[in-house]
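These are the residues of each chain, in order.
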Amino acid sequence: MTILHASTDPDLLTRLQQMLGSAARADIAVGYFFMSGFGQVPDGLARLRKTRILIGRADQPTLEALAVGLRQADALRAQLDADQTVPRSQRQAIADDAASRVAQGVAAMPQTDASQEAVEKLRQLVASGLLEVRAYPKGFLHAKAYLCWYDNHTEPGAAIVG
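Caption draft 1: Local environment of the pattern of salt bridges. Per the stated rule, a full pass over the model turns up seven salt bridges. Between Asp 27 and Arg 52 there is a salt bridge, with its nearest N and O atoms 2.6 Å apart. Pair noted here: Asp 27 is in strand β1 (residues 25–30) and Arg 52 is in strand β2 (residues 50–56), with a separation of 25 residues, a long-range link. Accessibility expressed as a relative area gives 43% for Arg 52, which makes it partly exposed. Lys 50 serves as the salt-bridge partner of Glu 132, at 3.6 Å between the closest nitrogen and oxygen.

Shown next as structure tokens:
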């Protein structure tokens, strides 16, 4: 087993990029989702058959940034409405709250060429069905898990967990 630390060579990002380079699909769970982090790996994710990302619902700005980045507040509302794990009585309030904060998120999002490119790649991956993003609505999620699954490899997969 390899243990990565902040000072490990290669660093976590390099190792994740290497894993994505030979994976067939990936499952990722993170407490927070930032476009700056996503912007480091979209090409690796684009070559996979499927990537699923689970993000912590406790971080409301995460949902807002995702909705802003995708420019699909209605899609976020529909996803939350369709999510069977959220009690029916809370779905509309959660969706309305997330959608109402989209405008605030637009002002806070850095408007650089790199962030715009990352947003566009995220939008394309979601629209193509290659990337599925879900929120964890049952409580606080502070996971850091990157699971890569391989085809025709000596190991079925590899993981980075924190």
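Caption draft 2: How the structure looks around helix α1 (residues 12–22). Those residues of α1 that sit buried are Leu 16, Met 19 and Leu 20. Buried residues of α1 fall within an arc of 100° about the axis and therefore sit on the same side. Check the buried side of α1 and you find it contacts β1, α3 (42–46), β4 (144–149) and β5 (157–161).

Caption draft 3: Broad picture of the sheet that holds β4. Judged by pairing direction, the sheet is mixed, and its five strands sit side by side in the order β3-β2-β1-β4-β5 without closing on themselves. Of all the strands in the sheet, the pair left with one neighbour each is β3 (131–136) and β5. The mean inter-strand angle of the sheet, taken between neighbouring strand axes irrespective of direction, is 10°. Relative to β5, β4 is paired through five bridges, and the arrangement is antiparallel. Note that in β5 the partner of Cys 148 across the bridge is Ala 158.

Rules behind the numbers
- Residues numbered from 1 in each chain as written.
- Predicted model: local features only at pLDDT ≥ 70, side-chain atom pairs only at ≥ 80, totals over all residues.
- Heavy atoms only, no water.
- Salt bridge = Lys/Arg side-chain N within 4 Å of Asp/Glu carboxyl O.
- Helix = DSSP H or I, 4+ residues; strand = E, 2+ residues; numbered from the N terminus.
- Buried < 20%, exposed > 50% of the residue type's maximum accessible area, 1.4 Å probe, protein only.
- Arc of directions from axis to C-beta.
- Contact = heavy atoms within 4.5 Å.
- Pairing = 2+ DSSP bridges.
- Axes fitted to C-alpha atoms, helices over the stretch in contact; angles between N-to-C directions.

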